Amino acid sequence: MQKQTEPPRSRPNPQQGGAPNSGGNPQGNDTAALSSSQVGAIGDHVRECWTYDAGALGVDQMRVLLTVTTDAAGVARLAVVAPPDVPKLSDPIFRAFAERARRAVLDPHCANLPLPATLKGRSSELTFLFKP
């Protein structure tokens, strides 16, 4: 152990990542137009249909971004793994995790998303993040 010879120098920690107070979504699509309560309502709705294999190796560290396209009525019609996560699909455990997330969004019980009126009447593209 060494004896301290100088007083500590304090420096503020800089804000990490992006512009200050930014937020939004990395894909830059219609998800940014939603409030946090609207995002929470959509998440709660889709969560009813989502399951994952809790016994899979490393599943507690997994996360997948899906790009979901809705029709004018707010029904999810297409769900694909977002480009940043496509290289991970070579891992069979991740592929199963992503496929379960995709099926949850497209499930007939959960596909009718509770979108706000501002997003209805036109096709929308949303980003979903699934993690245990």
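J.: Can you help me understand the confidence of the model for the chain in this one?
T.: Low-pLDDT portions of the prediction should not be read for the details of their coordinates. With 85% of its residues at a pLDDT of 70 or more, the chain shows a mean pLDDT of 84. Counting contacts from residues 17–24, a segment whose pLDDT is below 50, to residues more than four positions away or on other chains yields two contacts.

J.: Quick question: what am I supposed to make of the side chain of threonine 70 here?
T.: Mapped onto the elements, threonine 70 comes out in strand β1 (residues 64–70). Beyond its immediate sequence surroundings of up to four residues, threonine 70 is in contact with Val75, Ala76, Arg77, Leu113, Leu115, Ser123, Ser124 and Leu126.

J.: How do you make sense of helix α2 (residues 92–106) when you look at a structure like this?
T.: One turn of the α-helix equals 3.6 residues, which is why residues spaced by three or four share an orientation. Compared with the 21 Å implied by 1.5 Å per residue over 15 residues, the 21 Å span of α2 between its first and last C-alpha is a close match. Within α2 the residues assigned to the buried category are Phe94, Phe97, Ala98, Ala101, Ala104 and Val105. The arc enclosing the buried residues of α2, seen along the axis, measures out at 115°, which places them on a common side. Where α2 is buried, its residues contact α1 (36–47), β1, β2 (76–81) and β3 (124–130). Residue aspartate 91 occupies the N-cap position of α2, its side-chain oxygen lying 3.2 Å from the main-chain nitrogen of isoleucine 93.

Reading the values: the criteria
- Residues numbered from 1 in each chain as written.
- Predicted model: local features only at pLDDT ≥ 70, side-chain atom pairs only at ≥ 80, totals over all residues.
- Heavy atoms only, no water.
- pLDDT = per-residue confidence, 0-100.
- Contact = heavy atoms within 4.5 Å.
- Helix = DSSP H or I, 4+ residues; strand = E, 2+ residues; numbered from the N terminus.
- Expected span 1.5 Å × (residues − 1).
- Buried < 20%, exposed > 50% of the residue type's maximum accessible area, 1.4 Å probe, protein only.
- Arc of directions from axis to C-beta.
- Polar contact = N/O pair within 3.5 Å; in protein donor to acceptor, adjacent residues only side chain to side chain.

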